[in-house]
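# Tertiary structure, described
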Amino acid sequence: MAVEEKPPRKTGPAHFLAAAGYSLAGLRRLARESAFRQEILLILGLLVVFLVFGASLAEIGGLLALGLVLIAVEALNTALEVLVDHLSPGWSQFARDAKDLGSLAVACVIGAIVLFAGIVLI
Ligand SMILES: Nc1ncnc2c1ncn2[C@@H]1O[C@H](COP(=O)(O)OP(=O)(O)OP(=O)(O)O)[C@@H](O)[C@H]1O
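Definitions and cut-offs
Residues numbered from 1 in each chain as written. Predicted model: local features only at pLDDT ≥ 70, side-chain atom pairs only at ≥ 80, totals over all residues. UniProt positions renumbered as here; feature names shortened; annotations may be inferred. Helix = DSSP H or I, 4+ residues; strand = E, 2+ residues; numbered from the N terminus. Axes fitted to C-alpha atoms, helices over the stretch in contact; angles between N-to-C directions. Parallel < 35°, antiparallel > 145°, perpendicular 65-115°, else oblique. Nonpolar A, V, L, I, M, F, W, Y, C, P; charged D, E, K, R; others polar. Near = placed C-beta within 6 Å.

For the protein chain, an unreviewed UniProt entry supplies the name Diacylglycerol kinase and the organism Rhodobacter calidifons. Here is the UniProt Sequence similarities (unreviewed entry) comment for the protein chain, exactly as written: "Belongs to the bacterial diacylglycerol kinase family." According to the UniProt record, the Subcellular location (unreviewed entry) comment for the protein chain reads "Cell membrane".

And the structure:
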């Protein structure tokens, strides 16, 4: 297997700009996942409900912060799925465990968001 040479490491402001570009590329990749698009709809839907019910700035900030945590966990879960699919094109127990654990992590954050929204709105 041919090994591609790594580009030289960037430092200082160039590193900061490059990292922002990598994150944007990650966001574009994540946007191809239907689960991610549904999670964004959940956050936006709850945001509208919070605004209609006159939630405080702190409550809206809490929702947005939890939404960012959900995006972060979904990004890591997608990274894990990409690796697992590459390592195990067929069925295997480790692939199943890894994907199920990733799903659990996402489900926990969605549970935290639903709990938070329930507490704010009740
Ligand atoms: N290669 C595999 N070997 C064994 N089980 C697998 C494999 N790929 C997927 N699974 C099982 O199928 C489930 C769904 O996997 P799939 O790849 O369809 O994820 P997904 O539904 O796209 O996840 P998400 O909604 O988080 O994107 C996994 O949680 C796992 O239990």
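Additional details are given in the paragraphs that follow.
With that out of the way, let us pick up the environment of Leu-68. The topology assignment puts Leu-68 in helix H3 (residues 57-87). Considered as a pair, Leu-68 and Ile-43 are 25 residues apart in the sequence and their alpha carbons are 9.6 Å apart.

Here the UniProt-annotated "transmembrane region" (unreviewed entry) positions come out as residues 40-73 and 101-121. The annotated region residues 40-73 carries 88% helix and 0% strand content, and the separation between its end C-alpha atoms amounts to 13 Å. The span residues 101-121 is 100% helical and 0% strand by assignment, and the distance between its end C-alpha atoms comes to 30 Å.

Below, the discussion takes up the packing of H3 against helix H4 (residues 93-121). Contact pair H3 / H4: the axes reach a minimum separation of 10 Å and the direction vectors enclose 170°. With respect to each other, H3 and H4 are oriented roughly antiparallel. When the residues that make up the contact of H3 with H4 are grouped by side-chain class, the tally is 18 nonpolar, 3 polar and 4 charged.

Take the site of the ligand next. The ligand sits among Glu-33, Ala-35, Asn-77, Glu-81, Ser-88, Trp-91, Ser-92, Ala-95, Arg-96, Lys-99, Asp-100 and Ser-103. Elements supplying a minimum of two residues to the shell around the ligand: H3 and H4. Each residue belonging to the shell around the ligand can be placed in one class, and the counts come to 3 nonpolar, 4 polar and 5 charged.

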